[in-house]
Amino acid sequence: MKPTILVTGGTGYIGSHTVIELLEEGMEVVIIDNLSNSNLEVLDGIEDISGKRPHFEKVDLRDRSSTFEVFEKYSGIEAIIHFAAFKAVGESVEKPLAYYENNLLSLIHLLEAMKKYGVPNLVFSSSCTVYGEPDSLPVTEEASIKKANSPYGNTKQICEEILQDTIESSPENGVISLRYFNPIGAHPSAKIGELPIGVPNNLVPFITQTAFGIREQLNVFGQDYNTPDGSAIRDYINVVDLARAHVVAIRRLLEQKQKSSFEVFNLGTGKGISVLEIIRAFENTTGQKLNYRMVDRREGDVEQVYADTAFANNELGWKAEKGIEETLLSAWNWEKYIRLKATT
Ligand code: UD1
């Protein structure tokens, strides 16, 4: 029997890449998405790549009864991967209540549905943002959780606490929280990728849009960090590597006999790369010259953060495999693909 997996936010950036990996593993997928930051064409991309079209329900998880209806309709859901959430740091500072309402209520409704419909397993999308500016590097899962520097980051911390408390009272459930470092890149087919609305906040979409001529110049935030070249350091992980980790996490939960578990894993490469190194790697691999300038630090940014991946490597048996140049090339190919598609 194929396990049925419910993927919330399954038409989003990381969600859509994960849906492909689940379908390619022979799993049945039901997507819930309210399409607030994605569109239905993503389903065509998923079908083109995998040869299978996932079930799709346009539902807002803040709506409890519509959420429950999905569980009524697809009985036999064995696990949930919960991606659906607001994720823009700056926006969360301007609209904190929207972030708390959306990110917390969605999780609470899903946990209620798990209880009511007997769904035992959940994988949660968390972030390395929970570590803030870490005391030591690389960051292990045991590192202390710092006060969040944005409402967005706080929703990730609170959601993890909600999950932990819920698990303690539900011996039948298993939860894995995956703390992503910086997911970048696109599917190697270039048929799905990240689709930022408006001006991108994140580095790599800004780079590809600048190279394509949509943005005039990339601002490199900070040149006086205490790093070898003065720019900030992150752990950039290929989105397909990241997607595969979800399949491994789902298998782990499905095979787990002893429940009542809440586990946390860092998902990164273990390698810190500076903004200037990313720019060089992009130029080398694509042959595109980037127009950029050094500017002041961006408020709220940490100097450097990269993962200790030993726990994920040893316990999950998962490892990020793709190199940075291959990953940046995939982001560039995706940028070209969507721009070309928009003009045809
Ligand atoms: C951000 C969030 C993080 C979230 C992640 C995924 C903050 C503080 N953290 O990570 O919580 O999980 O996005 O969405 O916002 N940079 C530039 N120029 C740009 C854009 C970025 O130099 O135009 C630099 C940044 O200063 C940073 C690096 O590139 O050093 C990566 O930035 P970004 O892609 O925005 O991710 P984070 O800020 O690391």
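Because the structure is predicted, anything quoted here is derived from the model rather than measured.

Conventions we followed
- Here the residue index of a chain counts from 1 through its sequence in written order.
- Since the coordinates come from a predicted model, pLDDT governs what is reported: local features require at least 70, and pairs of side-chain atoms require 80 or more to be given and counted, while whole-chain, interface and lining totals use all residues.
- The basis for the side-chain values is all heavy atoms of the structure; hydrogens and waters are excluded.
- The helix and strand labels rest on DSSP assignments: H or I over at least four residues marks a helix, E over at least two residues marks a strand, and numbering proceeds from the N terminus.
- For the radius of gyration, the atoms used are the C-alpha atoms, and the globule rule reads 2.2 Å times the number of residues raised to 0.38.
- Summary of the burial criterion: residues with accessible area below 20% of their type's maximum are buried, those above 50% are exposed, and those between are partly exposed, where the area comes from a 1.4 Å probe applied to protein chains only.
- Residue contacts are counted whenever heavy atoms from the two residues lie within 4.5 Å of one another.
- Exposure was quantified through the Shrake-Rupley algorithm and a 1.4 Å probe, taking into account, for residues, occlusion by the shown protein chains and nothing else.
- Side-chain atoms within 4.5 Å link the members of a nonpolar core, which is a set of buried Ala, Val, Leu, Ile, Met, Phe, Trp, Tyr and Cys residues.
- Any residue with at least one heavy atom within 4 Å of a molecule or strand is counted as near it.
- Pairs of N or O atoms within 3.5 Å make up the polar contacts considered here, provided that, within protein, one atom can donate a hydrogen while the other can accept it, and that residues adjacent in sequence are counted only when both atoms are side-chain atoms.
- For this classification, the nonpolar set comprises Ala, Val, Leu, Ile, Met, Phe, Trp, Tyr, Cys and Pro, the charged set comprises Asp, Glu, Lys and Arg, and every other residue, Gly included, is treated as polar.
- In this analysis a 1.4 Å probe is tested at points of a 1 Å grid over the protein atoms alone, and where it fits but cannot get out there is a cavity; an open set with protein on both sides within 12 Å along at least five of seven lines is a pocket; lining residues have an atom within 4 Å of a point.
- Grid points are joined across faces, edges and corners, and a volume is the space filled by probe spheres set on the points.
- Note on ring pairs: Phe, Tyr and Trp rings are taken, using the six-membered ring of Trp, and paired if centres are within 6.5 Å. Classes follow the plane angle, with under 30 degrees stacked, over 60 edge-to-face and the rest tilted.
- By definition, disulfides here are pairs of cysteine sulfur atoms that lie within 2.5 Å.

Describe the overall build of the protein, with residues and values.
Looking only at helices and strands, the protein has eleven helices and 13 strands in total. For the protein, the C-alpha radius of gyration of 19 Å lies close to 20 Å, the compact-globule estimate for 344 residues. Every one of the 344 residues in the protein was classed for burial, and the buried ones make up 53%. In the protein, the proportion of contacts linking residues at least 24 apart, taken out of those at least 6 apart, comes to 80%. When the accessible surface of the protein is split by element, carbon and sulfur atoms take 48% of a total near 15,300 Å².

Before we move on, can you summarise the nonpolar core with the specific residues and values?
Core analysis: the biggest nonpolar cluster contains 38 residues, and Ile5, Leu22, Ile46, Leu178, Leu267 and Trp318 have the highest contact counts within it. No other element matches helix 8 (residues 239-255), which puts eight residues into this core. Excluding anything up to four places from it in sequence, Leu267 contacts Leu178, Arg179, Tyr180, Phe181, Ile237, Leu242, Ala245, Ala312 and Trp318. If you look at the next biggest cluster of nonpolar residues, it comprises 26 residues, including Phe68, Phe71, Ala84 and Ile162.

Which residues make up the site of the ligand, and what are the values?
Surveying the vicinity of the ligand reveals 19 residues, the closest of which are Leu203, Asn219, Arg234, Arg298 and Asp301. Separating an oxygen atom of the ligand from a side-chain N or O atom of Asn182 is a distance of 2.9 Å. At 2.6 Å, a side-chain N or O of Arg234 approaches an oxygen atom of the ligand. Considered on its own, the ligand offers 740 Å² of accessible surface; in the complex 89% of this is hidden by protein. Sorting elements by how many residues they give to the shell around the ligand places strand 8 (residues 218-221) first, with four residues. Its residues assigned to classes, the shell around the ligand comprises nine nonpolar, seven polar and three charged.

Go over the side chain of Asn121 with me, naming the residues and quoting the values.
Here Asn121 lies in strand 5 (residues 121-127). There is a polar contact of 3.0 Å between the side chain of Asn121 and the backbone oxygen of Glu78. Not counting residues up to four positions away in its chain, the partners in contact with Asn121 are Glu78, Ala79, Ile80, Met114, Gly174, Leu253, Leu254 and Lys259.

Any chance you could break down the layout of surface pockets for me, citing the residues and the numbers?
One way to see where empty space is left: roll a probe the size of a water molecule over the atoms. One number sums up the size of the second largest pocket: a volume of about 170 Å³. Forming the walls of the second largest pocket are Glu21, Glu24, Glu25, Asp241, Arg244, Val247, Val248, Arg251, Gly317, Trp318, Lys319 and Glu321. Elements represented by at least two residues in the lining of the second largest pocket include exactly helix 1 (13-24) and helix 8. The leading source of residues in the lining of the second largest pocket is helix 8, at five residues.

Describe the environment of Glu25, and please don't skip the residues or the numbers.
As for its position among the elements, Glu25 is in the loop between helix 1 and strand 2 (28-33). In sequence terms Glu25 and Val247 are 222 residues apart; their C-alpha atoms lie 8.1 Å from each other. One polar contact links Glu25 to Arg251, side chain to side chain, over a distance of 3.0 Å.

Which residues make up the packing of aromatic side chains, and what are the values?
A full pass over the atoms with the stated rule returns eight aromatic pairs. With centroids separated by 5.7 Å and ring planes inclined at 20°, the aromatic side chains of Phe71 and Tyr117 adopt a geometry described as stacked. Highlighted residues: Phe71 in helix 3 (residues 64-73) and Tyr117 in helix 5 (residues 96-117), separated in sequence by 46 residues. By relative accessible area, Phe71 is classed as buried at 3%. Aromatic ring contacts, followed pair by pair, group Phe68, Phe71 and Tyr117 into a single cluster.

Explain the state of the cysteines residue by residue, including any values.
This model, assessed by the stated rule, comprises zero disulfides. Take Cys128: it sits in no disulfide, and the sulfur closest to it among the cysteines is that of Cys159, at 16 Å. Given the relative accessible area of 10%, Cys128 is considered buried. Among the residues examined, Cys159 registers a relative accessible area of 2% and is labelled buried.

Lay out empty space enclosed by the protein with the relevant residues and their values.
In this structure the tally under the stated criterion is one cavity of 30 Å³ or more. Taken together, His82, Phe83, Ala84, Ala85, Asn103, Phe124, Ser125, Thr155, Lys156 and Cys159 make up the full set of residues lining the largest cavity. Listed by contribution, the elements that provide at least two residues to the lining of the largest cavity are strand 5 and helix 6 (151-168). At three residues, the largest contribution of residues to the lining of the largest cavity is made by helix 6. For the lining of the largest cavity, the per-class residue count stands at five nonpolar, four polar and one charged.

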